[in-house]
Amino acid sequence: MPDTAIPVIPTIPVTPAVLESLRAIVGDKGLILDDQGKQPFVTDWRGSLVGTAAVVVRPANTEEVSKVVKLCYEQGIAIVPQGGNTGLMGGATPWPTHQGILLSLGRMNHVLEVDPVGYSMTVEAGCVLQTLQETAASHDRFFPLSLGAQGSCMIGGNLSTNAGGVQVLRYGNARNLVLGLEVVLPNGEIWNGLRSLKKDNTGYDLKHLFMGAEGTLGVITKAVLKLWPAPKDVCTAWLAIRDPQAAIEILSEAHAASEDNVGSCELMSRACTDMVLRHIPGTQDPLKADTPWYLLLEWSSSRPRADGAEGMSEKMEQFLADQMEAGRVLDAVIAQNEAQSRNMWVIREAVAPASRAEGPGLSYDISVAISKIPQFIDQGVKAALDILPSIRPYPLGHIGDGNIHFSFMGPKDMDRATLNQYTPAITRAVNDLVTSMAGSISAEHGIGIDKLDELAHYRSKIELDTMRSIKRALDPKNIMNPGKVLRL
Ligand SMILES: Cc1cc2nc3c(=O)[nH]c(=O)nc-3n(C[C@H](O)[C@H](O)[C@H](O)COP(=O)(O)OP(=O)(O)OC[C@H]3O[C@@H](n4cnc5c(N)ncnc54)[C@H](O)[C@@H]3O)c2cc1C
């Protein structure tokens, strides 16, 4: 657990009688009681946070969720909702003082309806993201949410963290991909907001309260998701570029050159690329250029490429030639087939597992206005090196969204405990810089446990008070993921 002082959370234990009531609701296969079985649920993805839970409860449908939550509400028992447990801020990990339940949505994994004509699908919260992408594709449609953890994260978790990923530039973050929600409120009542409406100005738009709330206001049980036409003509390229300033200028020019078909634009450094090549078997360097900065650029169109007509790759070729002429692109390669494109994407998406394998590090998921990214990287790296000159900077990220994963690996041979001595000073320097540039200290990963005190430090009193009022109104007993996001 981080140095963060443990917040006060409800500590009503799960008695044998409550356990029997839970068993009556979800049955034996909906309960995990043994320590070995609970271990993966109470440990976070990085393996650095470990909490406890009296029992892991795995309901099969909304009615069971409702009954479980109602029982906990009546008894004052705390609940930690969990999807795929890939969150990086500890939001799905119980505190060590947690005495309540962990509510896993994994058994609620059914696609309930696909409406290709209306471009929507209705799904349960425990559906794995990649399954939803594949379901949409099987109907010649596209669900654009895409991130490195898509093989195990679940849509309920994606919506609860308002996840971002590599297509935000074009389609928006998770919040923008939703038409309706069903939510079990902290008292066990079911709010049915499963509407498929594009327009609905009937009072407060309640679904937006629950998206990005990290499970602190209720349990998302179902969602109506938006779909788009399936991409038919896709071109992926790996560019060696002059510097981050060139990256944002390339992106700015790419919109018109691609006829508004930019799907993704990801900044990578040589150091990040090498780290992935070192740790992830089967990856190959797309471009053996010895330059410090790279860009993964993807254009895609839903219009199939007609014979003889100019498609995405011809447009990209011309664009890259122009950008080389302008001195922004130093070298480039366009993927010639699916395998080459996949390799480029694996390199980008495997940075998190590669850094986990590399050793102890620090990562700041920040955003600033796109035009300020070069200045931020420059000043942020200098600030961290001033504090720990041997720290290794690995900045990368979704530059089209102004979102940098401002990451560092600890100096070679430095253990976690020693690195932790420098962490508070580096964190303060980075987050102060972000704030001075009117940026965000959490662009897409949320707050969870890790940024509890940072949120309190940087958000204004009026914002914190308003958030606390909403929390208290919906969850007066503070049983829903207590001690996450906000200290009450
Ligand atoms: C390799 C890797 C790459 C990643 N890349 C990205 C990226 O590009 N962009 C990005 O945004 N994130 C990224 N992440 C972070 C993570 O995958 C996302 O935050 C994801 O949305 C979490 O989904 P999950 O199902 O794993 O949620 P969990 O980790 O299980 O939970 C996350 C939070 O949501 C709450 N929650 C979960 N399900 C529900 C529910 N049904 N109702 C209410 N609350 C719920 C939990 O209590 C917790 O607070 C990455 C993670 C990894 C490991």
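If you're wondering where the values come from, they're calculated on a predicted model, not measured in any experiment. Sequence order as written defines the numbering, with residues in each chain counted from 1. Local features in this predicted model are restricted to residues whose pLDDT is 70 or higher, and side-chain atom pairs enter the listing and the counts only when it is 80 or higher, whereas totals over whole chains, interfaces and linings include all residues. Note that water and hydrogens are dropped before the side-chain values are worked out from all heavy atoms of the structure.

Enquirer: What's the story with the overall build of the chain in this structure? I'm lost.
Expert: The numbering of helices and of strands both runs from the N terminus, where a helix is a DSSP run of H or I of at least 4 residues and a strand a run of E of at least 2. Secondary structure summary: the chain contains 16 helices and 18 strands in total. The globule rule puts the C-alpha radius of gyration for 488 residues at 23 Å, and the 23 Å found for the chain is close to it. Relative to its 488 residues, the chain shows a buried fraction of 55%. Taking all contacts inside the chain whose residues are at least 6 apart in sequence as the whole, residues at least 24 apart take part in 74%. Two things to know: the radius of gyration comes from C-alpha atoms, and the globule rule equals 2.2 Å times the number of residues to the power 0.38. Residue burial is assigned from relative accessible area. The probe radius is 1.4 Å, only protein chains are included, and a residue is buried under 20% of its type maximum, exposed over 50%, and partly exposed in between. Whether two residues are in contact is decided by their heavy atoms, any of which lying within 4.5 Å being enough.

Enquirer: Where do I start with the nonpolar core in this structure?
Expert: If you look at soluble globular proteins, the nonpolar side chains tend to sit buried side by side. Buried Ala, Val, Leu, Ile, Met, Phe, Trp, Tyr and Cys residues that are joined via side-chain atoms within 4.5 Å together make up what is termed a nonpolar core. Counting 46 residues, the largest nonpolar core has Leu-239, Leu-267, Leu-295, Leu-297, Phe-376 and Ile-399 as its most contacted members. Dropping the residues within four chain positions of it, Leu-239 is found in contact with Ile-250, Leu-287, Trp-293, Tyr-294, Leu-295, Leu-297, Leu-320, Val-329, Asp-331 and Ala-332. One finds Cys-127, Met-211, Ala-213 and Leu-225 within the second-largest nonpolar core, a separate group that totals 31 residues.

Enquirer: Can you walk me through the sheet that holds strand S4 (residues 101–104) in this structure?
Expert: The pairing of strands in a sheet happens through backbone hydrogen bonds and is either parallel or antiparallel. Ordered in space as S1-S2-S4-S3, the 4 strands form an open sheet in which the pairing is mixed. Edge positions in the open sheet fall to strand S1 (31–32) and strand S3 (79–82), since each of these has one partner strand only. Taken together, the 4 bridges between S3 and S4 define a ladder with parallel strand orientation. Within S4, the residue paired with Ile-79 across the bridge is Ile-101. Note on geometry: axes are C-alpha line fits, over the in-contact stretch for helices, and angles between N-to-C directions span 0 to 180 degrees. Contacts from helix H3 (residues 62–75) reach strand S2 (55–57), S3 and S4 within the one sheet, and its direction differs from that of S4 by about 165°. When DSSP locates at least two bridges between a pair of strands, those strands are taken to pair.

Enquirer: What exactly am I supposed to notice about the domain arrangement of the chain here?
Expert: We note that the domain assignment places domain 1 (111–229), domain 2 (233–349) and domain 3 (359–445) within the chain. For domain 1 versus domain 2, the separation of C-alpha centres amounts to 29 Å. Listed as interface residues are 8 residues of domain 1 and, on the opposing side, 14 residues of domain 2. Between domain 1 and domain 2 the total buried area reaches about 800 Å² when both faces are included, carbon and sulfur atoms providing 49% of it. Accessible area, probed at 1.4 Å, shrinks when two parts are joined; the buried area is that loss added up over both. In terms of surface lost to domain 2, no three residues of domain 1 exceed Val-166, Leu-169 and Arg-170, which account for 70% of the buried area on that side. Think of a salt bridge as a Lys or Arg side-chain nitrogen and an Asp or Glu carboxyl oxygen that are within 4 Å of each other. The interface formed by domain 1 and domain 2 includes 0 salt bridges. Annotation comment: domain bounds sourced from an automatic or database domain assignment.

Enquirer: Sorry if this is basic, but what is going on with the packing of aromatic side chains here?
Expert: Classification of ring pairs rests on two measures: the distance between centres of Phe, Tyr or Trp rings, Trp counted by its six-membered ring, which must be within 6.5 Å, and the angle between planes, read as stacked under 30 degrees, edge-to-face over 60 and tilted in between. Tallying each qualifying case throughout the model produces 7 aromatic pairs. On the basis of an interplanar angle of 75° and a centroid distance of 5.2 Å, the ring pair of Tyr-171 and Trp-228 is categorised as edge-to-face. Of this pair, Tyr-171 sits in helix H6 (residues 168–171) while Trp-228 sits in strand S11 (residues 228–229), and the two are 57 residues apart along the sequence. Its relative accessible area of 22% is what places Trp-228 among the partly exposed residues.

Enquirer: I'm lost on helix H8 (residues 244–257) in this one. Help?
Expert: Residues spaced three or four apart along an α-helix point in a common direction, a consequence of the helix completing one turn every 3.6 residues. The span you would expect from a helix comes to 1.5 Å times its residue count less one. Between its first and last C-alpha atoms H8 spans 20 Å; for 14 residues at 1.5 Å apiece the expected length is 20 Å, and the two agree. Every buried residue belonging to H8 is among Pro-244, Ala-246, Ala-247, Ile-248, Ile-250, Leu-251 and Ala-254, and all of these are buried. Immediately downstream of H8, the backbone of Glu-259 shows phi near 60°, a positive value.

Enquirer: How should I be thinking about the packing of helix H9 (residues 270–279) against helix H12 (residues 351–358) in this particular structure?
Expert: Axes are the key here: two packed helices are described by the angle between their axes and the distance separating the axes. Contact pair H9 / H12: the axes reach a minimum separation of 9 Å and the direction vectors enclose 75°. By the angle between their axes, H9 is roughly perpendicular relative to H12. Contacts from Cys-272, Met-275, Val-276, Arg-278 and His-279 in H9 reach Val-351, Ala-354, Ser-355, Ala-357 and Glu-358 in H12. A class-by-class count of the residues in the contact of H9 with H12 yields 6 nonpolar, 2 polar and 2 charged. Orientation labels follow simple angle bins: below 35 degrees gives roughly parallel, above 145 gives roughly antiparallel, 65 to 115 gives roughly perpendicular, and whatever is left gives oblique. Three classes are used: nonpolar for Ala, Val, Leu, Ile, Met, Phe, Trp, Tyr, Cys and Pro, charged for Asp, Glu, Lys and Arg, and polar for all others, with Gly counted as polar.

Enquirer: What is the right way to read the site of the ligand from this model?
Expert: Of all residues adjacent to the ligand, which total 37 residues, the nearest are Pro-81, Gly-83, Gly-84, Thr-86 and Gly-87. Any pair of N or O atoms that falls within 3.5 Å is considered a polar contact. Within protein, one atom must be able to donate a hydrogen and the other to accept it, and sequence-neighbouring residues count only if both atoms are side-chain atoms. Separating an oxygen atom of the ligand from a backbone N or O atom of Gly-91 is a distance of 3.3 Å. Residue Thr-161 places a side-chain N or O atom 2.9 Å away from an oxygen atom belonging to the ligand. Burial of the ligand by the protein chains amounts to 96% of its free accessible area of 980 Å². If you list the elements that add at least two residues to the shell around the ligand, you get S3, helix H5 (155–160), strand S10 (219–226) and H12. Here the element with the most residues in the shell around the ligand is H5; it accounts for 4 residues. Grouping the constituent residues of the shell around the ligand by class yields 15 nonpolar, 20 polar and 2 charged. Built from parts of two domains, the shell around the ligand gets at least three residues from each of domain 1 (111–229) and domain 3 (359–445). Whether a residue is near a molecule or strand depends on its heavy atoms: it is near if one of them lies within 4 Å of it. Computed with the Shrake-Rupley method and a 1.4 Å probe, the accessible areas treat only the protein chains shown as cover for residues.

Enquirer: Where do I start with the UniProt feature "domain: FAD-binding PCMH-type" (unreviewed entry) in the chain in this structure?
Expert: Sites flagged by UniProt as "domain: FAD-binding PCMH-type" (unreviewed entry) map to residues 49–230. For residues 49–230, the end-to-end C-alpha separation is 39 Å, with 21% helix and 24% strand making up the annotated structure. UniProt positions are given in the numbering used here, feature names are shortened, and annotations may be inferred rather than shown by experiment.

Enquirer: Looking at this structure, I do not really get the pairing of strand S9 (residues 190–193). What am I missing?
Expert: Looking along a regular strand, one sees side chains alternate from face to face of the sheet. Burial along S9 is one-sided: the residues Trp-191 and Gly-193 are buried and none of Ile-190 and Asn-192 is. Pairing between strand S8 (residues 178–184) and S9: 4 bridges, direction antiparallel. Residue pairing across strands places Val-183 opposite Trp-191, the latter belonging to S9. The hairpin formed by S8 and S9 contains 5 residues between the paired strands, and Gly-188 there has a positive phi angle of roughly 95°.

Enquirer: Help me out: how do you make sense of the state of the cysteines in this one?
Expert: By definition, a disulfide links the sulfur atoms of two cysteine residues through a covalent bond. Two cysteine sulfurs form a disulfide in these notes if their separation is within 2.5 Å. Inspection of the entire model under this criterion finds 0 disulfides. The closest cysteine sulfur to the non-disulfide-bonded Cys-127 is located on Cys-153, 12 Å from its own sulfur. Residue classification places Cys-127 among the buried residues on the basis of a relative accessible area of 2%. For Cys-265, which is in no disulfide, the shortest distance to another cysteine sulfur is to Cys-235 and amounts to 13 Å.

Enquirer: Explanation requested: the sheet that holds strand S6 (residues 120–124) in the structure shown.
Expert: Taken together, 5 strands build an open sheet; the order of strands is S5-S6-S10-S8-S9 and the sheet is antiparallel. Of all the strands in the sheet, just strand S5 (111–115) and S9 have a single pairing partner and so form its edges. Averaged over all adjacent pairs, the angle separating strand axes in this sheet is 10°, with direction ignored.

Enquirer: Would you mind going over the environment of Val-56 with me for this structure?
Expert: Along the chain, Val-56 falls in strand S2. Among the residues examined, Val-56 registers a relative accessible area of 0% and is labelled buried. The spacing of Val-56 and Leu-33 is 23 residues in sequence and 6.7 Å in space, taken between C-alpha atoms. Excluding its chain neighbours within four sequence positions, the residues that come into contact with Val-56 are Gly-30, Leu-31, Ile-32, Lys-38, Phe-41, Leu-102 and Ser-104.

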